[in-house]
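# Summary of structural features
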Amino acid sequence: MKKVLLVSSEAVPYVKTGGLADVVGSLPKYFNKDEYDVRVIIPKYACMDSSFLPKLRFLCHFYVNLNWRRQYVGIFETEYHGVHFYLVDNEFYFAGDAPYHNIYEDVEKFAYFSKAVLASLPYIDFAPDILHCNDWQTGLVPVYLRTMFGDDNFYAGIKTVFTIHNLQYQGRWRIREVMDITGLPEQIFNAKELESYGEANYLKGGVVYADYVTTVSPTYAHEITTVEGGEGLSGLMCAKRNKLRGILNGIDYEEYNPQTDPYIPVNYIRKDALVGKKRNKTALQKELGLPVKDDVFMLGIVSRMTSQKGFDLISYALEELLPELKIQMVVIGSGEGQYENMFRSFQSRYPEKLNVYIGYSEERSHKVYAACDALLMPSMFEPCGLSQMISMRYGTIPIVRETGGLKDTVEPYNEFENTGCGFSFANFNAQEMMEIIRYAYEVYEERKDDWHGLVNRAMDRNFSWNASAREYEKLYDKLTEL
Ligand code: ADP
Ligand code: GLC
């Protein structure tokens, strides 16, 4: 039995700010349970859903040294849908109403978390063969493992995988302060290890020290080796090329299933998707106070509101498209104020055409996936993207930019061969995006059978974790054989 511990700063159902939580919470369910015991360790944030608290069992506590600081570590454990979770408790570090605050606090918080995870292993009675770390918040796990735990036999054989979900966030801060916080030896803060552009860089540490690096789609694995996509680290990614690959994310097929989804008013399957989606559309129109018309083209957005997701293009395009097309847009998301305000302003100018919900709501997002005809996701870059896969599962046609995982998952519509399950455009350009939205609108309005074909093909696609979980199994096998 191979033992794997997934280390992450978020995981569903406990805490989620984006796709990372979906991935870490759902992937472990899909391993072959006879051969792989895959568990998860995350922080126990004060902001996590309190309904889970009664189910947590206290396991142990101890103290960990972070340079001159000595900090409390409590470990809780629980199971959810057959997956074993450990939660690291420290009320000082994991306080507040969100998992992440500012970079200054977060570099200390996640240095603490990384060291606490390693120190917890002898206490939790789970000696992993593999520590599978995710994003910059866990970048110091492989670094601490090799520099400060390496001499201890218990740790000697542990291999590490570091998965990049988003290279834009690297966890960079002043070297002097990071040295003081982490207690890591001065000599590793050099250009080949932790230093990058004059600062300490947690993600770089993870990439340099891990035995293997993955990212979440094959196209993004290539893009990060280029100057345009490398976020300043393309040289490092090129150097790591033979220990770097893209494994496409999947989605949780139980959670996102239009046939059984408890959040949506009308459940449906592929066979009755057109009727089912129309009924969900009218229900959502009533709920949101939009004019009730089941044949209006409804375009959805479910997204963090950051520049990564292409909101600058959207802001430009809506000035033109909202007056021009007979559409309704339903938006749910939160993030940068400028984008939130942009949607508020469009809503006040076109209340019959655009509805925005600023905030996070699992229930509402499911209703949007089920009700809309198309989902807009014109990302500037996209390591994988889950929203487009979820939308296809609900027969909602994605309109995307051809980048990263969007390129790997959305096969563009070909009207001559009747193939494809979405619409895509190549350049980060508002005119190009508007053309493709107009094209999708025209197919929806004027060629109902062709649109129906798109819906069927989208729902036929398989985005479950099965294939990718096998890829991770092979990677774990390869590393443990080394
Ligand atoms: P990212 O991780 O970059 O934000 P992904 O497409 O990988 O993008 O994952 C986003 C996940 O977060 C999806 O499960 C999506 O449904 C969900 N999501 C995004 N914004 C919201 C929101 N405001 N409310 C509910 N779910 C949201
Ligand atoms: C990141 C990326 C997104 C990806 C998710 C899960 O948040 O932005 O593209 O799907 O991680 O891997």
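What comes next concerns the included structure. All figures in this text were calculated on a predicted structure; none of them were measured in a lab.

## Structural notes on the pairing of strand β2 (residues 36–43)
The two faces of a sheet get side chains in turn, since along a regular strand they alternate between them. The element β2 is largely enclosed, with a buried count of seven among its eight residues. Taken together, strand β1 (residues 2–7), helix α1 (residues 19–26) and β2 constitute a β-α-β crossover, and its handedness is right-handed. Sheet analysis places β2 next to strand β5 (residues 83–89), joined by four bridges and oriented parallel. Bridge pairing links Val-40 to Phe-85 in β5.

## A short note on the site of ligand 1
In the vicinity of ligand 1, 22 residues are found, and the nearest of them are Gly-19, Arg-304, Lys-309, Gly-359 and Tyr-369. A distance of 3.1 Å is found between a nitrogen atom of ligand 1 and a backbone nitrogen or oxygen belonging to Ser-361. Backbone polar atom of Ser-387 to an oxygen atom of ligand 1: 3.2 Å apart, as the coordinates give it. Calculation on ligand 1 without its partners gives an accessible area of 560 Å², and the protein chains cover 93% of this total. Secondary structure elements with two or more residues in the shell around ligand 1: α1, β13 (297–305), β14 (327–335), α12 (362–371) and α13 (387–393). If one sorts the elements of the shell around ligand 1 by residue count, β13 sits on top with three residues. A per-class count over the shell around ligand 1 returns eight nonpolar, nine polar and five charged.

## Some details on the site of ligand 2
Near ligand 2, the surroundings consist of 14 residues, among which His-165, Asn-249, Glu-382, Cys-384 and Gly-385 are the closest. Residue His-165 places a side-chain N or O atom 2.7 Å away from an oxygen atom belonging to ligand 2. Contact distances for ligand 2 include 2.8 Å between an oxygen atom and a side-chain N or O atom of Asn-249. In isolation ligand 2 offers 310 Å² of accessible surface; the protein chains occlude 94% of this area.

## Points about the sheet that holds β14
Taken in spatial order, the six strands make up an open sheet running β15-β14-β13-β16-β17-β18, and their pairing is parallel. Each having just a single partner strand, β15 (354–358) and β18 (423–425) make up the two edges of the open sheet. Each adjacent strand pair in this sheet contributes to an overall mean axis angle of 15 degrees, direction not counted. Bridge count for β13 against strand β16 (residues 374–377) is two bridges, and the pairing is parallel. Counted as the bridge partner of Gly-300 is Leu-375 from β16. Across the sheet, helix α11 (residues 337–349) is in contact with β13, β14 and β15; its angle to β15 comes to roughly 145 degrees.

## Quick notes on the packing of helix α2 (residues 103–124) against helix α5 (residues 175–182)
The N-to-C vectors of α2 and α5 enclose an angle of 35 degrees; their axes lie 10 Å apart at closest approach. Note on packing geometry: the crossing formed by α2 with α5 is right-handed. Between α2, through Tyr-104, Val-107, Glu-108 and Ala-111, and α5, the contact on the second element is made entirely by Glu-177, Ile-181 and Thr-182. Tallied by class, residues from the contact of α2 with α5 come to four nonpolar, one polar and two charged.

## Let's talk about the pairing of strand β4 (residues 69–80)
Where strand β3 (residues 57–66) meets β4, nine bridges bridge the pair, whose relative direction is antiparallel. Bridge assignment links Asn-65 to a residue of β4, and that residue is Arg-70. Between the end of β3 and the start of β4, which pair antiparallel, lie two residues, with Asn-67 showing a positive phi angle near 50 degrees. Where β4 meets β5, seven bridges bridge the pair, whose relative direction is antiparallel. Residue pairing in the sheet places Phe-76 in a bridge with Leu-87 of β5. Between β4 and β5, which pair antiparallel one after the other, the connecting turn spans two residues, and His-81 there sits at a positive phi close to 45 degrees.

## Points about unusual backbone geometry
At the junction of Val-12 and Pro-13, the peptide bond is cis and its omega measures out at 5 degrees in the coordinates. Positive phi, normally seen in glycine, also occurs at Asn-67, with a value near 50 degrees. Along the chain, Asn-67 falls in the loop between β3 and β4. You can call Asn-67 partly exposed: its relative accessible area is 39%. Look at Asp-135: it is not a glycine, yet its phi comes out positive at around 65 degrees. Checked against the element boundaries, Asp-135 lands in the loop between β6 (130–134) and α3 (140–148). Judged by relative accessible area, which is 9%, Asp-135 ranks as buried.

Cut-offs used in this document
Residues numbered from 1 in each chain as written. Chains lettered and ligands numbered in written order. Predicted model: local features only at pLDDT ≥ 70, side-chain atom pairs only at ≥ 80, totals over all residues. Heavy atoms only, no water. Buried < 20%, exposed > 50% of the residue type's maximum accessible area, 1.4 Å probe, protein only. Helix = DSSP H or I, 4+ residues; strand = E, 2+ residues; numbered from the N terminus. Right-handed = clockwise from strand over helix to strand, strands pointing away. Pairing = 2+ DSSP bridges. Near = heavy atom within 4 Å. Polar contact = N/O pair within 3.5 Å; in protein donor to acceptor, adjacent residues only side chain to side chain. Areas by Shrake-Rupley, 256 points an atom, 1.4 Å probe, with all protein chains shown as cover. Nonpolar A, V, L, I, M, F, W, Y, C, P; charged D, E, K, R; others polar. Axes fitted to C-alpha atoms, helices over the stretch in contact; angles between N-to-C directions. Contact = heavy atoms within 4.5 Å. Left-handed = near helix turned anticlockwise from the far one by under 90°.

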